[in-house]
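# Overview (structure and organization)
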Amino acid sequence: MYRSLEDCVNDLERHGHLIRVKEEVDPYLEMAAIHMKVYEAGGPSLLFENVKGTKFRAVSNLFGTMERSKFMFRDTLESAQSVINLRGNPMQALKNPFKHVKTAFSALHALPWKTEGQRPVMAQEINISDLPMIKHWPMDGGAFITLPQVYSEDPEHPGIMNSNLGMYRIQLDGNDYELDHEVGLHYQIHRGIGVHQHKATLQGKPLKVSIFVGGPPAHTIAAIMPLPEGLSEMTFNGLLSGRRFRYSYVDGYCISNDADFVITGEIYPEGTKPEGPFGDHLGYYSLVHPFPVMKVHKVYARQNAIWPFTVVGRPPQEDTSFGELIHEITGDAIGQEIPGLKEVHAVDAAGVHPLLFAIGSERYTPYQQTKQPAELLTLANRVLGTGQLSLAKYLFITAEEDQKLSTHNIEHFVTYILERMDLHRDIHFHTNTTIDTLDYSGSGLNQGSKVVFAAYGDQKRTLCTEVPSTLRQLRGYDSAKLVMPGIVALQGPTFTDYENEQNEMNTLGQELANRGGLEGCPMIILCDDASFLSEDIKNFLWVTFTRSNPSHDIYGVNSGYRFKHWGCDQMIIDARTKPHQAPPLVADPAVEKSIERLFVKGGSLAQVKI
């Protein structure tokens, strides 16, 4: 049970999970580069004791491994899991009340506690410019908070039990922001805080917002948990930390008394400012767009406060571990929310949101002579309409016929789907719809398409295990490489525009149809660099599903429509880089060179094996 972030840091150090970085480090790119190198090596948490330009220390990689995450919550993880499970299935408590007494007590003990006494976080009042102004990637628009807990209350029903605690990135400086007086908040209107802002706007009032940074690590997890309906983030906060969330109100703002820092301010009904760019979790920059501005009221910090941060970029990163921990806590909650859905996996290597794998039940057609997806399509619609899952562009879904099948065994799962798909029947598009705001493969901001690849029944084809001769010696297309059984990467000319692409793909499809010999190759990926894409499964997933918009970039050999349904013999996914897409994240070579000093003999991180 941690009372503060410093308690956690000291505990991790005592048990060999943390190293202190004593050298002066620059928050401009250096700290992020150090963090990523240590994370990639599976290394420990890092406490930066000498951050250039600030008196405050900073900590990163707290959640860098599942082992360390479980260690931090070793006393509370089980009770948190039990409460989440009961929220999804309260009948368990009625059937066996004595078994769940401890769980009920844990939930009661987790209720937020309003205190008017000690407020450690208000030990000093500071400015935004006093904080560690960490810039992560060379093209970032400024310094960002990457682990904020953004708190707001429902203007119609104020109070902590009608609040929202979310993790929305915060830009501290740069662009048109007035330093120390304004910060940018990146969130969508449908998110919790966006609903609160909309209600405040209807009332003609500014929305009061508090940004908590630090505190016990459970507070960070609470801000990103997909909680069951009716379970408050503030209650879960106390449940996972094993200590009631302590808060008070100052100047009308909620203050987390256990946080390391609190920034208070107001979002006004009118006006936005440009926010970004920001190196994001898909592995590209999210570009500059107008987002709400918070007018800063006051900034507080506790004595010896510690600034927690993480770095996002092309997966895997520390947020990968967040996802694993959330899955550990929530267990089969998604199956309770969508009956018939047995398993769903947001594929981290593809940037999480673009690609989903799922296994569901298929009870509609098991005794028909020809098995085909039916219930699976109903489940697919539920999946693509549920919470964060609705951001997906690609959904591969099949039934639970093979007990050994797992969505986490990526090659086996994709192989199983491709062996069974009828490409004239089992490809289902959703066009002109929404996608992740951070995904620039679509036709505009938050505009794109989705596709469902469904499979059920007996194996229909044997997948190729080498590049078919048909894909060799194609004029203008070279370096054909096998990615995995049934999938070949084909290197093509530079993409110019969609009008030209359609003509190009139609010509390519016709030539491949004339050549034949592709029966075992249902998926061809057109790309800029076939060697890179085929180098490993992670490259294939990242390039293919972050650089394509299904409605615009999926073509086919012998393709056509039957009763308005599109199908083909083999599909071609154009995953080349498009001019409108955001640039990929590339580290600064000079910074990479400068941080080597920490990893050589005598450096604080010499023991980290990189």
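Heads up: these notes are all about the structure in this document. Residue numbers restart at each chain and count upward from 1, following the sequence in its written direction. For a predicted model such as this one, the threshold for reporting local features is a pLDDT of at least 70, and the threshold for listing and counting side-chain atom pairs is 80 or more; totals across whole chains, interfaces and linings nevertheless cover every residue. By convention in this description, side-chain values take in all heavy atoms of the structure and omit both hydrogens and water.

### So, the sheet that holds strand β20 (residues 355-360)
Strand pairing requires that DSSP identify at least two bridges connecting the strands. The helix count covers DSSP runs of H or I at least four residues long, the strand count covers runs of E at least two residues long, and both are numbered beginning at the N terminus. Taking strand neighbours across the sheet as the criterion, the 5 strands line up as β19-β20-β21-β23-β22 in an open arrangement whose pairing is mixed. Edge strands, defined here as strands with exactly one partner in the open sheet, are β19 (341-346) and β22 (427-433). Taking the axes of each pair of neighbouring strands and ignoring which way they run, one obtains an average angle of 15° across the sheet. In what follows, residue pairs with any heavy atoms lying within 4.5 Å of each other are defined as contacts. Axes here refer to lines fitted to C-alpha atoms; in helices the fit is confined to the stretch in contact. Angles between the N-to-C directions go from 0 to 180 degrees. Each of β19, β20, β21 (394-399), β22 and β23 (448-455) touches helix α12 (residues 375-383); the most contacted strand, β21, lies at about 145° to it. Against the sheet, helix α13 (residues 410-420) engages β20, β21 and β23, with an angle of about 75° to β21.

### Some thoughts on helix α10 (residues 318-330)
Here α10 is 13 residues long and its end C-alpha atoms lie 19 Å apart, about the 18 Å a rise of 1.5 Å per residue gives. Within the sequence span of α10, burial applies to Glu318, Thr320, Ser321, Phe322, Leu325, Ile326, Ile329 and Thr330. A helix is expected to span 1.5 Å for every residue after the first. Buried, partly exposed and exposed residues are distinguished by accessible area as a fraction of the type maximum, computed with a 1.4 Å probe on protein chains only: under 20%, between the cut-offs, and over 50%, respectively.

### Things to note about the side chain of threonine 264
Tracing the chain through its elements places threonine 264 in strand β14 (residues 261-275). Look at threonine 264 and you get buried, because its relative accessible area is 1%. When residues no more than four places from it in sequence are discounted, the contact partners of threonine 264 are Val209, Ser210, Tyr253, Ile255, Met294, Lys295, Val296, His297 and Lys298.

### A closer look at α13
What sets the pattern is the α-helix's 3.6 residues per turn: residues three or four places apart point alike. Of all 11 residues in α13, 9 are buried, a share of seventy percent or more. Within α13, burial applies to Ile410, Phe413, Val414, Thr415, Tyr416, Ile417, Leu418, Glu419 and Arg420.

### A few points about the pattern of salt bridges
By definition here, a salt bridge exists when the distance from a side-chain nitrogen of Lys or Arg to a carboxyl oxygen of Asp or Glu is within 4 Å. Applying the stated criterion across every chain, the model contains 30 salt bridges. Linking lysine 295 and glutamate 182 is a salt bridge whose minimum nitrogen-to-oxygen distance equals 2.6 Å. Of this pair, lysine 295 sits in strand β17 (residues 289-301) while glutamate 182 sits in strand β10 (residues 182-185), and the two are 113 residues apart along the sequence. Note that glutamate 266 is salt-bridged to lysine 208, the shortest N-O span being 3.1 Å. Separated by 58 residues along the polypeptide, glutamate 266 in strand β14 and lysine 208 in strand β11 (residues 207-213) bring together distant segments of the chain. Accessibility expressed as a relative area gives 15% for glutamate 266, which makes it buried. Taken together, the shared-partner salt bridges connect Glu13, Arg20, Lys22 and Glu49 into one network.

### A short note on the sheet that holds strand β2 (residues 45-48)
With mixed pairing, 4 strands are arranged side by side in an open sheet as β1-β2-β3-β18. A single partner strand is all that each edge strand has here, and the edge strands are β1 (18-21) and β18 (306-309). The mean angle between the axes of side-by-side strands here comes to 25°, regardless of whether they run parallel or antiparallel. As paired strands, strand β3 (residues 57-60) and β18 are joined by 4 bridges and run parallel to one another. Directly across from alanine 58, in β18, lies its bridge partner tryptophan 307. Strands β1, β2, β3 and β18 of the sheet are contacted by helix α1 (residues 5-14), whose axis makes an angle of about 105° with β1. On the sheet, helix α2 (residues 30-40) packs against β2, β3 and β18 and is oriented at approximately 155° with respect to β2.

### Regarding the pairing of β14
Looking at chain direction, β11 and β14 are connected through 7 bridges and run antiparallel. Of the residues in β14, the one forming a bridge with valine 213 is phenylalanine 261. As paired strands, β14 and β17 are joined by 11 bridges and run antiparallel to one another. The partner of glutamate 266 across the bridge, within β17, is lysine 295.

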